[in-house]
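Per-entry structural report
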Amino acid sequence: MPNWRKFRPVDWALLVIAMFMPFLPLVDHNGGHLTVLVNAGVYMMLAIGLNIVVGFAGLLDLGYAAFFAIGSYTYAMVASPQFGLHFSFWPMVLMSAFVAALFGIILGAPTLRLRGDYLAIVTLGFGEIVPQTFLNLQKFTGGPNGISAIDQPKLFGYHFGLNPLPYYYLVLVLLAVSLFLANNLRTSRLGRAWMAIREDEIAAAHMGINTTTTKLAAFSLGASFSGLSGVVNASLLTLVSPDQFKFNVSITVLSMLVLGGMGSLPGVVIGSAALSILNFWLLPEANNLAAMVGVHIDFTQYKFMLYGIILVVVMLFKPEGLYGSEQRKAELKERGTSVAAEENAEYEEMPRETVL
Amino acid sequence: MSFFALKNVTKTFGGLVAVKEVSYEIEQGHIAAMIGPNGAGKSTAFNLVTGLYVPTAGEIEFDGRSIAGNKPDYVCKLGVARTFQNIRLFAFMSAVENVMAGCHVRMSAMLWDSLLHTGRQKREERAVREKALDLLRFVSLDRYADDFAHNLPYGFQRRLEIARALASDPKLLLLDEPAAGMNPREKEDLMTLIRKIRDRGITVFLIEHDMGLVMNISEKIAVLDHGEKIAEGTPAQVRNDAKVIEAYLGKTA
Amino acid sequence: MELFIQQVINGLSLGGIYALIALGYTMVYGIIELINFAHGDVYTLGSFFSLAIIGLLDASGELKGWPLFGVLALTVVGAMVLCGLVGVLLERLAYRRLRNAPRLAPLITAIGASFILENIMQLWKGPSPIPFPSVVPNVVWSFHGVNLASNELLVVLAALGLMTILQIFIYNTKLGKAMRATAQDRDAAQLMGININMTIALTFFIGSALAGVGGFVSGVYYGSTWFYNGFEAGLKAFTAAVLGGIGNVAGAMLGGFVIGMIESLTAGFISDQWATVAVFVLLVLVLIFRPSGLLGEVLPDKV
């Protein structure tokens, strides 16, 4: 149960909006708006997953889109004319999450011993290798054209088709489940172990926490969420291709976390909602508005500039993000080395020949 | 096999010999100390015990098995807990969460329990919180249960680190300079606390610079200098050892 | 056999460019333990600045003798200074405040800075590749089916020459010694009267200036440039720095040539498509099995 007394106005606002979301389609009949929200939901799911890795466990994963790609392709390959297979959507939701988690383990097992910044670069490398591999393995993946005519879900004989409404509810349900599970993780033995590793890995190991398996759990659980959103994404677009999973996607999701506040679930919701609405609605709207007054500027091309500015400005001036928690604020401002910031005297005396 | 023993343990870093053929046995239920000038290799010895470093040569025995080269989390699971010379608390977790994190290795919640908050998980969380609060009471920090470790005064942080270490139900507790930075009053309390820990049946092995404290509570002391053990014995024996006096006061040429 | 020799030549010139970028990565990492993610984009900026300066001087491919030398000198020095200043600015605005924050924080601002630079370049010259004028006359020698171009020699010589100058600077000048001292122990260096902020800024200046040269020679070598060039080249150059042993100047150079070689040999003997994958697989393998690199030393964990 949440602690009601600690609720801030922003928490109440989020709660009210969340309660209202299921009834939105009754009020707003604009299919375009629903499509925007469905896309936002896909990204929110990605953000919830990445938050487990970056926010909870403190591992910077710059290749998160790779798991999104794996999830999407998993469904695309078994539910399209590509191999003539037409597996049902619903079990594949779980199956893709599982496959993504499996790849999380395969990619994470050898690399999670690395120091934080090296891990970031290795994950970035994976993020580049995976779509490139899908591009190269033309026989299985359709190469640059990707896989098209992907099956859309059916529920009790009802075809989802091109109407965004069923997707809207599908995403809403998946989001509720995702948030519930992520919050459970945060307030559990595993979540506490992640927090401990994030703050001081060596101390955590000395408290009996197996840092390798604990980090691996974060990596693969985080990946499983992107597997989920991958299936939804593939069936929604009915098309997957390697260029949907570039570095940009990983950074978009990271920007959402940073903006809202890494490690806090309300922060993730706020950050991903804000950037998605900007991305899928405000910037295209701005183009239309400008066109109406006769100015032809493509505002969407400034999108990544904006993400860059968010990353820099938020980390410099409000590292805990818009929602923020006191803990993250303090953590990100200074290294978490208690009173004695000095390193061990004996370590310092050890020979250390840096060439530079 | 003795309860705990370093047997001819050597550790070298590149060309530098940090610990050289050190042997030291400790009996269960004792308070034993290791002293020596700065850079004598004391902390390195601790790091070898807890598995942060792997000895270049030699054996480390604990509770009937050889533990040299095991990883820190496994050594902790076997029953060795430690504190750090320069305090490594989880700075931005509350005091009680720090201690609960220390309980990790004695908990049984699996991934599934954590994901779904099963009944088993909820019962265990409640029990662990109780245990953590008990330990905070034991080190007289229960009033600060919900404060960030980072915000506690220095002496309190040292005690919190001890509580966190005790949370893993150790048989052997390694204290790395527990009195560093404490005032005389706090040192008195610390001595009482260390004795109380021993009375719980936990063997205590400490590194300390404060001679008064070491001489007062230890049953046995080893003296390290330049990585080598130069003396070992009861406080009285060590106090009068010529080599020890030389190491501490320098050669009187 | 001809193919092999040809690919080695290609690999060496490719490697020269990576090496020039890798020097900046390795210097910055050596001194403040930051992967300066925006460094690859500073390299691209180098080619953009060169283009702009050549445009201003209105130079064409017909120049010879002193006028040619003058144009080249002005372009290279101009690109170096401008890139150096961008590097200093980056450090001042995006990294300095976070010098004592957890390493995650400045890495994230570095990624942000990279996106900002890329977007600025995209707005400046558009989203498509831009031709780079052939200011330097290119002579091609052929022996038994193997071609060697003077531009390829230029790249390799530029890289080797600048690395040598850098080595001499680091080991034999007062400023170089200040840099090494700061890299080893910032607090102690400060106590010795070294101006830390100045020294770190200088490191960024030199590293970025070298990337600027890299940008220029890559423009000459490829005959074109693109706002997004720096992303992949930067990643490969970082791989080179890690491979050589991060913090190690000679290692960065060695790593650069090795990476260039691997890329061109994979492209020549397996397929173009897999060249990039091969480099990233190597990055992963090096980081896992020998994170200290070919010439680096192994450091124990700090407690």
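Up top is the structure.
Now for a description of the structure that goes with this document. Along each chain, residues carry numbers from 1 onward, in the same order as the chain's sequence is written. Starting at A for chains and at 1 for ligands, labels are handed out in the order in which the entities are written. Residues qualify for local features only when their pLDDT is at least 70, as the model is predicted, and side-chain atom pairs are given and counted only at 80 or more; totals for whole chains, interfaces and linings, by contrast, use all residues. With hydrogens and water set aside, each side-chain value is computed from the structure's full complement of heavy atoms.

1. Description of the overall build of chain A
The secondary structure content of chain A amounts to 16 helices and six strands. Radius of gyration: C-alpha atoms only; globule rule: 2.2 Å multiplied by the number of residues to the exponent 0.38. Taking 21 Å as the expected radius of gyration for a compact globule of 356 residues, we find that chain A reaches 21 Å, a close match to that expectation. Its C-alpha atoms put chain A at 70 × 50 × 45 Å along the principal axes. Three labels apply to residues, based on accessible area from a 1.4 Å probe with only protein chains included: buried if under 20% of the type maximum, exposed if over 50%, partly exposed otherwise in between. Classification of the 356 residues of chain A by burial places 58% in the buried group. Across chain A, every contact between residues at least 6 apart in sequence was considered, and the portion connecting residues at least 24 apart equals 76%. Working definition: helices are DSSP H or I runs of at least four residues, strands are E runs of at least two. Numbering for both runs from the N terminus. Throughout, a residue-residue contact means that at least one pair of heavy atoms, one from each residue, lies within 4.5 Å.

2. Comments concerning the overall build of chain C
Across its full length, chain C carries eleven helices and four strands. Whereas a compact globule of 303 residues would reach a radius of gyration of roughly 19 Å, chain C reaches 19 Å, a difference of no more than 12%. If you line up chain C on its principal axes, its C-alpha atoms span 60 × 45 × 40 Å. Across the 303 residues in chain C, those meeting the buried criterion constitute 58%.

3. Things to note about the interface of chain B and chain A
Each side of the interface is counted separately: chain B has 47 residues, and chain A has 40 residues. Buried area: the sum, over both parts, of the accessible surface (1.4 Å probe) that disappears when the two are put together. Summed over both sides, the interface between chain B and chain A buries roughly 4100 Å², with carbon and sulfur atoms accounting for 61% of that surface. Here, a salt bridge means any Lys or Arg side-chain nitrogen found within 4 Å of an Asp or Glu carboxyl oxygen. Scanning the region where chain B abuts chain A turns up two salt bridges. Salt-bridge contacts for E125 of chain B lead to R192 of chain A; the nearest nitrogen and oxygen are separated by 3.1 Å. Any N or O atom pair separated by 3.5 Å or less is treated as a polar contact, with the protein-specific requirement of one donor-capable and one acceptor-capable atom, and with residues adjacent in sequence counted only for side-chain atom pairs. The interface formed by chain B and chain A includes 13 residue pairs in polar contact (both at pLDDT 80 or more). If you list the elements that add at least two residues to the side of chain B that touches chain A, you get α1 (42–49), α2 (72–78), α3 (95–102), α4 (111–116), α5 (119–138) and α6 (154–166) of chain B. Grouping the constituent residues of the side of chain B that touches chain A by class yields 24 nonpolar, 15 polar and eight charged. In this classification, the charged set is Asp, Glu, Lys and Arg, the nonpolar set is Ala, Val, Leu, Ile, Met, Phe, Trp, Tyr, Cys and Pro, and all remaining amino acids, among them Gly, are polar.

4. Digging into the packing of aromatic side chains
Ring geometry is summarised as follows: Phe, Tyr and Trp rings, the Trp one being its six-membered ring, pair when their centres sit within 6.5 Å, and such pairs are stacked at plane angles under 30 degrees, edge-to-face over 60 and tilted between the two. Counted under the stated rule, the structure contains 37 aromatic pairs over all chains. Arranged with centres 5.8 Å apart and planes meeting at 50°, the rings of Y43 of chain A and F280 of chain A form a pair that is tilted. With Y43 of chain A in helix α3 (residues 31–56) and F280 of chain A in helix α13 (residues 265–292), this residue pair connects regions lying 237 residues apart in the sequence. A relative accessible area of 27% means that F280 of chain A is categorised as partly exposed. Considering the side-chain rings of Y95 of chain C and F204 of chain C, the 5.8 Å spacing of their centres and the 35° angle between planes classify their relative orientation as tilted. Here Y95 of chain C, found in helix α3 (residues 65–95), pairs with F204 of chain C, found in helix α8 (residues 196–222); they are 109 residues apart in sequence, far enough to count as distant. Per residue, the accessibility class of Y95 of chain C equals that of F204 of chain C, and both read buried. One aromatic cluster in this structure is built from F247, F304 and Y307 of chain A together with F37, F115, W226, F227, Y228 and F231 of chain C. Working rule: Lys NZ or Arg CZ, within 6 Å of ring centre, within 35 degrees of ring normal, means a charge sits over the ring. Taking the ring centre of Y323 of chain A as reference, the NZ or CZ of R8 of chain A above it sits at 4.5 Å. The side chain of R164 of chain B reaches across the aromatic face of F90 of chain B, ending 4.7 Å from its centre.

5. With respect to the sheet that holds strand β5 (residues 65–66) of chain B
Pairing between sheet strands relies on hydrogen bonds along the backbone, with the strands arranged either parallel or antiparallel. All names here are of chain B. Taken in spatial order, the four strands line up as β2-β1-β4-β5 in an open sheet, and their pairing is antiparallel. The sheet is open, and its two borders are formed by β2 (16–26) and β5, each paired with just one other strand. We treat two strands as partners when DSSP finds at least two bridges between them. By the bridge criterion, five bridges tie strand β1 (residues 4–13) to strand β4 (residues 57–62) in an arrangement that is antiparallel. Residue pairing for β4: F4 is matched across the bridge by F62.

6. Focus: the pairing of β1 of chain B
Residue and element names in this part refer to chain B. Of all ten residues in β1, seven are buried; the element is thus mostly enclosed. As judged from the seven bridges shared by β1 and β2, these two strands associate in the antiparallel manner. By the bridge assignment for β2, L6 is matched with Y24. Linking β1 to β2, which pair antiparallel, is a turn of two residues; within it G14 sits at a positive phi near 55°.

7. A few points about the nonpolar core
L60, L62 and W194 of chain A together with F37, Y95 and F238 of chain C are the most contacted members of the largest nonpolar core, which totals 204 residues. Excluding anything up to four places from it in sequence, F37 of chain C contacts L62, I121, L124 and F247 of chain A together with Y25, A110, I111, S114 and F231 of chain C. To qualify as a nonpolar core, a set must consist of buried Ala, Val, Leu, Ile, Met, Phe, Trp, Tyr and Cys residues joined through side-chain atoms within 4.5 Å. Judged by nonpolar contacts, the second largest core, of 51 residues, contains L135, V139, L141 and L160 of chain B.

8. Details of the sheet that holds strand β10 (residues 228–233) of chain B
All names here are of chain B. The strand order across the open sheet formed by six strands is β6-β7-β8-β3-β9-β10, and the pairing between neighbours is mixed. Edge positions in the sheet fall to β6 (80–82) and β10, since each has one partner strand and no second. Between one strand axis and the next, the sheet turns by 20° as a mean value, whatever way the strands run. Here five bridges tie strand β9 (residues 220–225) to β10, and the two strands are oriented antiparallel to one another. The residue bridging L224 from the neighbouring strand is K229, located in β10. Here, axes are lines fitted to C-alpha atoms. For helices the fit covers the stretch in contact, and angles between N-to-C directions go from 0 to 180 degrees. Along the sheet, helix α7 (residues 184–199) makes contact with β3 (31–35), β7 (172–176) and β8 (203–207), crossing β3 at roughly 130°.

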